[in-house]
Amino acid sequence: MIRLTLRRSDDWDLSLRDDDILASVLLLSLAHFGQATIMPNLVPPIVTSRQAGAYRDRILAALPEDASFVPLMTLYLTEGTDLLDVEVGFRAGPASAVKLYPADATTNSQSGVRGIEKVFPMLEKMAEIGMPFCIHCEVTEPEVDIFDREAVFVDTVFDPFVPIRWSVEGQTSRVSS
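Residues numbered from 1 in each chain as written. Predicted model: local features only at pLDDT ≥ 70, side-chain atom pairs only at ≥ 80, totals over all residues. Heavy atoms only, no water.

S.K.: Teacher, can you tell me more about the pattern of salt bridges here?
M.R.: Under the defined criterion, the tally for this structure stands at 10 salt bridges. Residue Asp57 is joined to Arg56 by a salt bridge in which the shortest nitrogen-to-oxygen separation is 3.9 Å. Classification of Asp57 as partly exposed rests on a relative accessible area of 44%. According to the relative accessible area criterion, Arg56 is partly exposed, its value standing at 28%. In this structure, Glu87 engages Lys125 in a salt bridge whose closest nitrogen and oxygen atoms are separated by 3.3 Å. Placement of the pair is Glu87 in helix H3 (residues 83–92) and Lys125 in helix H4 (residues 120–129), with a sequence separation of 38 residues. Lys125 carries the same exposure label as Glu87, and that label is buried. Ionic contacts of the salt-bridge type, sharing partners, join the residues Glu87, Arg91, Lys125 and Glu128 into one network. (Salt bridge = Lys/Arg side-chain N within 4 Å of Asp/Glu carboxyl O. Buried < 20%, exposed > 50% of the residue type's maximum accessible area, 1.4 Å probe, protein only. Helix = DSSP H or I, 4+ residues; strand = E, 2+ residues; numbered from the N terminus.)

Structure, rendered in structure tokens:
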């Protein structure tokens, strides 16, 4: 007899929010997930390692006593995000990743990035230390149809600065999605 054991899944983009909503969403998530990448787009956003630690503590306090769940804390990238805080937060905890929200693209993204070039030093630091980079891929130009915003982001924002290439059957192409 062959036995197959499936472990609990991970949620790579969990918006718990805070207070009563946090507790409700967390209980629903516990039914399916063992750990989750926690989104930082609260009001105010989670922009420092200290804020991420406090948010993690609120999440852990909302867990039932017998629950097993690991919140992977994400920092909200702004044009003023502190390089040293991010590095220390990643190396010593609690930060697991940084998330880019284009300004005004989604829920609570008012503090987001207005120009990708403004955060290049942060992206270089994250690459240097091996820190994951999460991206909300969406442009906000009003002339772009809502159904095309992700594709336009990839073509106009993401592709120009991502040097990664992949190879399939001898053909080399640029990563574009």
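Text resumes after the structure shown.
S.K.: Would you take a moment to explain the sheet that holds strand E4 (residues 95–100) for this structure?
M.R.: Two pairing modes exist for strands in a sheet, parallel and antiparallel, and in both the strands are linked by backbone hydrogen bonds. If you walk across this open sheet you meet the 5 strands as E1-E2-E3-E4-E5, and the pairing is parallel. Looking at strand neighbours, the two that pair on one side only are strand E1 (9–14) and strand E5 (133–135), the edges of this open sheet. Strand-to-strand twist in this sheet, taken as the mean axis angle between neighbours without regard to direction, amounts to 25 degrees. As paired strands, E4 and E5 are joined by 3 bridges and run parallel to one another. Within E5, the position partnered with Val98 by the bridge is Phe133. (Pairing = 2+ DSSP bridges. Axes fitted to C-alpha atoms, helices over the stretch in contact; angles between N-to-C directions.)

S.K.: Mind showing me how you'd approach the confidence of the model for the protein chain here?
M.R.: Atomic detail in the predicted coordinates should be set aside for any region of low pLDDT. Looking at the protein chain as a whole, its pLDDT mean stands at 90, while 92% of the residues score no less than 70. Strand E6 (residues 165–168) is the least confidently modelled element of the protein chain, averaging 50 in pLDDT, while strand E3 (residues 70–77) averages 98, the highest of any element. (pLDDT = per-residue confidence, 0-100.)

S.K.: How should I be thinking about the side chain of Arg149 in this particular structure?
M.R.: Along the chain, Arg149 falls in helix H5 (residues 149–161). Judged by relative accessible area, Arg149 falls into the buried class, the value being 18%. Contacts of Arg149, omitting those with residues within four sequence positions, involve Cys137, Glu138, Val139, Glu141 and Val144. (Contact = heavy atoms within 4.5 Å.)

S.K.: Even after reading the chapter, I still don't get the packing of H3 against H4, so can you show me in this structure?
M.R.: Viewed as axis vectors pointing N to C, H3 and H4 meet at an angle of 25 degrees, and their least axial separation amounts to 10 Å. What the angle tells us is that H3 and H4 run roughly parallel. The interaxial crossing formed by H3 with H4 has right-handed handedness. Contacts from Leu83, Val86, Glu87, Phe90 and Arg91 of H3 reach H4 at Pro121, Met122, Lys125 and Ile129. Among the residues making up the contact of H3 with H4, the classes are represented as 6 nonpolar, no polar and 3 charged. (Parallel < 35°, antiparallel > 145°, perpendicular 65-115°, else oblique. Left-handed = near helix turned anticlockwise from the far one by under 90°. Nonpolar A, V, L, I, M, F, W, Y, C, P; charged D, E, K, R; others polar.)

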